[in-house]
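# Fold and geometry: a report
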Amino acid sequence: QAETVKLIYEMYLAGNGLKKIKEELERRGYKTATGKTKWYDSVVSNVLKNSFYCGIITYHKQFTPDYLTQKKIKNFGEIEFTKVKGRHEPIVSEEDFERVQLIMASKIALMIIGTILPFMLLRISSKKKELRNFKKEQKNNALKNGIIIP
């Protein structure tokens, strides 16, 4: 498994995306942690996000808000994560792990901008069009009433 994790990090840091890494792992016959030869982008992404591989153990990824129901829910920052340096041998360096996190975050930011920006521009464009139409209507109404608007 360590060889697989190292390959995933090397490929990602070399500029390969999740899909390309997934395809390469399948082509080479690498197995997932559950022993499957079919990989998914989400599995590759989870490997890249897992701080355990750089020697850091993260606690409180899940928590139980109601002790009566004992239902665990994923922690999205409701409670503070605890990160501890593990005693196990890291597979990747902390620097590589942090670089991967930055790359992933920047790709998400670009995706969000690429999704939201066109809608914002469209909305601005339609507002400008509405304003032009309003001004034309006002001018036409003024002309009908004998008022000249420059």
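Going by the structure above, here's the rest.
This structure is a prediction, so every number in the text was calculated from the model and none was measured.

With that settled, the discussion passes to the overall build of the chain. Tallying secondary structure elements over the chain gives four helices and four strands in all. Start at the N end of the chain and walk to the C end: the helices and strands fall as α-α-α-β-β-β-β-α. Computed over its C-alpha atoms, the radius of gyration of the chain comes to 26 Å, more than 25% above the 15 Å expected for a compact globule of 150 residues. Dimensions of the chain along its principal axes, counting C-alpha atoms only, are 85 × 50 × 30 Å. Across the chain, contacts joining residues at least 24 apart in sequence account for 51% of those joining residues at least 6 apart. For the chain, the exposed area adds up to about 11600 Å²; of that, 58% sits on carbon and sulfur atoms.

Ranked by internal contacts, the top residues of the largest apolar core, which has 20 residues, are Ile8, Tyr9, Ile21, Leu25, Val44 and Leu48. At the level of secondary structure, the elements contributing two or more residues to this core comprise helix H1 (2-13), helix H2 (18-28), helix H3 (41-49) and helix H4 (94-144). Among the elements that line this core, the one with the most residues is H1, at six residues. In contact with leucine 48, other than residues within four places in its own chain, are Ile8, Tyr9, Tyr12, Leu18, Phe97, Val100, Gln101 and Met104.

Applying the stated criterion across every chain yields a total of six salt bridges. Residue lysine 22 pairs with glutamate 26 through a salt bridge whose shortest N-O separation is 3.8 Å. Taken together, the residues lysine 22 and glutamate 26, both in helix H2 and four residues apart, mark about one turn of the helix. Looking at glutamate 26, the relative accessible area reads 27%, which means it is partly exposed.

Moving on, we come to the packing of aromatic side chains. If you walk through the whole model with that rule in mind, you get one aromatic pair. In this structure, lysine 38 packs its charged tip against the face of tyrosine 40, placed 5.1 Å from the ring centre.

This next bit is on the pairing of strand E1 (residues 56-59). Only one face of E1 is covered, namely the one carrying Ile56 and Thr58; the face carrying Ile57 and Tyr59 has none of its residues buried. Where E1 lies against strand E4 (residues 82-85), four bridges are found, and the strand directions are antiparallel. Bridge assignment links isoleucine 56 to a residue of E4, and that residue is lysine 85.

The next subject is the environment of asparagine 75. Mapped onto the fold, asparagine 75 is located in the loop between strand E3 (73-74) and E4. According to the relative accessible area criterion, asparagine 75 is buried, its value standing at 4%. Residues asparagine 75 and lysine 61, 14 residues apart in the sequence, show an inter-C-alpha distance of 5.3 Å. Other than its neighbours up to four places away in sequence, asparagine 75 contacts His60, Lys61, Gln62, Phe63 and Phe81.

Each value, and the rule that gives it
Residues numbered from 1 in each chain as written. Predicted model: local features only at pLDDT ≥ 70, side-chain atom pairs only at ≥ 80, totals over all residues. Heavy atoms only, no water. Helix = DSSP H or I, 4+ residues; strand = E, 2+ residues; numbered from the N terminus. Rg over C-alpha atoms; globule rule 2.2 N^0.38 Å. Contact = heavy atoms within 4.5 Å. Areas by Shrake-Rupley, 256 points an atom, 1.4 Å probe, with all protein chains shown as cover. Core = buried A, V, L, I, M, F, W, Y, C linked by side-chain atoms within 4.5 Å. Buried < 20%, exposed > 50% of the residue type's maximum accessible area, 1.4 Å probe, protein only. Salt bridge = Lys/Arg side-chain N within 4 Å of Asp/Glu carboxyl O. Phe/Tyr/Trp six-rings, centres within 6.5 Å; stacked < 30°, edge-to-face > 60°. Lys NZ or Arg CZ within 6 Å of the ring centre and 35° of its normal. Pairing = 2+ DSSP bridges.

The values are spatial; any link to function lies outside them.
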